[in-house]
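Examination of the molecular architecture
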Amino acid sequence: MDSPLPGPVRVAASTRLGLFTIAELTAAQVTEREIRSAVRSGAWVRLRRGSFVTAADLAAVEAAGRRHELDAFAVTAAIARPTAALSHGTAARLWRLPVPPGLPPDVRLTDPERWRSGPGYVMTRADLPSAEVTTCGRHRLTTPARTLVDTAREWPELPAVAALDAALLRELVTPELLQHTLHRHRFHPRAPRAARAVAAADGRAETWLETKGRLRFRAACLPPFVPQVGLWVGGRLIKVVDGWYQDAALAVEFDGRVKYVDPAYGGRPEDVLFDEKRREDALRAVGVRFLRVVDEDLERGWVPLADRVRRELTVAGPVDRSFRAVPRALGRRRVVGQSG
């Protein structure tokens, strides 16, 4: 059954991923009977009391992976708290930061005056200085720095540091801003936990797997590698490696499957694989050794990998080097068609 929205309602809904409210329907003279009929027919979906979306818009939002954002619109409309801001995991999602697998779907908010929870949301009472609140699209939410400090106080180390790495890589925050935010919240619960996560962050990591590998190496007391190092031969950049041990001339590459199927890495999987081999062969010819690490190596395969790293580091690299290793100050965000 087709239940078209009145023009003014459709215009308002278009700014909120299709969400419209009972107040907007009433103002457009849509009757309760029409609303019940549209919901009963499946043309409209009731997200929560007083908030609706068309079935077609909901399908499009879910296909785009933006259901949580739609729920955030519904919650903020329902609670009507102008002092509240979306925060924690919800703000992290809106800033397009990585979040832990299995993170509860509840919409998270912070309000300086009230604690409250209800179906599908949790609102924390905490200080909310104006400098730590901003807007992103139509949302009022915590700044990236405040979001990262809040999540680092709650999340396990790996997802907390991965979010920090991603934010630094995208230049959403600076180390100085993170330290300033940490200091402002130094007396909050679990503040030391957040401080440790910030100290472990490195904006040169370009993937979750690189972050995981760096933390795993550190936990095992392995010597730290230098992230994102360009290897040059004859004045030409051959490859940027994920990690580098200078004395051993050992390159560490963290291989996620996405590297070979994502167009941001340069094209068809077979082309990416061939290009990787060609670059590595050129570097092996001048004395560079490679250690490739997949996610499995950082889990059940960790003991043999750690042993191999230690063995590899006992072997010195070539004395006379026809290549140069140049560390990068920042990582690179991948764009379509980029390789290396």
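The rules we used
Residues numbered from 1 in each chain as written. Predicted model: local features only at pLDDT ≥ 70, side-chain atom pairs only at ≥ 80, totals over all residues. Heavy atoms only, no water. Helix = DSSP H or I, 4+ residues; strand = E, 2+ residues; numbered from the N terminus. Expected span 1.5 Å × (residues − 1). Contact = heavy atoms within 4.5 Å. Axes fitted to C-alpha atoms, helices over the stretch in contact; angles between N-to-C directions. Parallel < 35°, antiparallel > 145°, perpendicular 65-115°, else oblique. Left-handed = near helix turned anticlockwise from the far one by under 90°. Nonpolar A, V, L, I, M, F, W, Y, C, P; charged D, E, K, R; others polar. Pairing = 2+ DSSP bridges. Core = buried A, V, L, I, M, F, W, Y, C linked by side-chain atoms within 4.5 Å. Buried < 20%, exposed > 50% of the residue type's maximum accessible area, 1.4 Å probe, protein only. pLDDT = per-residue confidence, 0-100. Salt bridge = Lys/Arg side-chain N within 4 Å of Asp/Glu carboxyl O. 1 Å grid on protein atoms, 1.4 Å probe; cavity = no way out; pocket = protein on both sides within 12 Å on 5 of 7 lines; lining within 4 Å. Points joined across faces, edges and corners; volume = space filled by probe spheres on them.

Attention now goes to helix α14 (residues 302-313). In this model, α14 (12 residues) spans 16 Å end to end at C-alpha, consistent with the 16 Å of a helix rising 1.5 Å per residue. Packing partners of the buried residues in α14 comprise α11 (208-219), β11 (236-245), β12 (250-254) and β13 (289-293).

This paragraph deals with the packing of helix α7 (residues 144-152) against helix α9 (residues 175-184). Viewed as axis vectors pointing N to C, α7 and α9 meet at an angle of 60°, and their least axial separation amounts to 9 Å. In this view, α7 runs oblique relative to α9, as classed from their interaxial angle. Remark: the crossing between α7 and α9 carries right-handed chirality. Packed against α7, whose contacting residues are Ala145, Arg146, Leu148 and Val149, the element α9 presents Leu177, Leu178, Thr181 and Leu182 at the interface. Across the contact of α7 with α9, the residue classes break down as six nonpolar, one polar and one charged.

Sheet architecture is open: three strands sit in the order β1-β3-β2, paired in antiparallel fashion. Each end of this open sheet is capped by a strand with a single partner; those strands are β1 (20-21) and β2 (44-48). With four bridges joining them, β2 and strand β3 (residues 51-54) adopt antiparallel strand pairing. Across the sheet, residue Arg46 finds its bridge partner in β3, namely Phe52. The sheet contacts of helix α3 (residues 32-41) involve β2 and β3, and relative to β2 the element is tilted by about 100°. Helix-sheet contacts for helix α5 (residues 67-79) involve β1, β2 and β3, and the interaxial angle to β2 is about 65°.

Turning our attention to the nonpolar core. Across soluble globular proteins, nonpolar side chains have a tendency to be buried as a group. Ranked by internal contacts, the top residues of the largest apolar core, which has 36 residues, are Leu109, Leu148 and Leu178. Listing elements by their share of this core, those giving two or more residues are α5, α6 (88-94), β5 (107-111), β7 (121-125), α7, α8 (157-169), α9 and α10 (191-200). The element contributing the most residues to this core is α8, with seven residues. Apart from the residues lying within four places of it in its own chain, the contact partners of Leu109 are Val75, Thr76, Ile79, Ala84, Ala85, Leu86, Ser87, Tyr121, Val122, Met123 and Thr124.

When pLDDT is averaged across the protein chain, the result is 93; 93% of the residues are at 70 or more. Here residues 260-265 scores under 50 on pLDDT; set against residues more than four positions off or in separate chains, the count is 21 contacts. Low pLDDT, under 50, characterises residues 335-340; the stretch is placed with 21 contacts to residues that sit more than four places away or in other chains.

As a further point, take the pattern of salt bridges. Scanning the entire structure with this criterion turns up 32 salt bridges. Across the salt bridge formed by Glu132 and Arg184, the nearest N and O atoms sit 2.7 Å from each other. Taken as a pair, Glu132 in the loop between β7 and β8 (133-136) and Arg184 in helix α9 lie far apart in primary sequence, 52 residues in all. Residues Asp255 and Arg292 are paired through a salt bridge, measuring 2.5 Å at the closest nitrogen-oxygen approach. Of this pair, Asp255 sits in the loop between β12 and α12 (258-261) while Arg292 sits in strand β13, placing them 37 residues apart in sequence. Asp255 sits in the buried class, given a relative accessible area of 11%. For Arg292, a relative accessible area of 25% corresponds to the partly exposed category. Each of Lys239, Glu253, Asp255, Glu276, Glu280, Arg284 and Arg292 takes part in a single network of salt bridges with overlapping partners.

Within this model, the second largest pocket holds a volume of roughly 320 Å³. Taken together, 20 residues make up the lining of the second largest pocket; nearest its centre are Phe73, Thr76, Ala77, Ala78 and Ala80. Those elements giving two or more residues to the lining of the second largest pocket turn out to be α5, β4 (85-86) and β9 (139-142). By residue number, the principal contributor to the lining of the second largest pocket is α5, which donates five residues. Its residues placed into classes, the lining of the second largest pocket shows 10 nonpolar, five polar and five charged.

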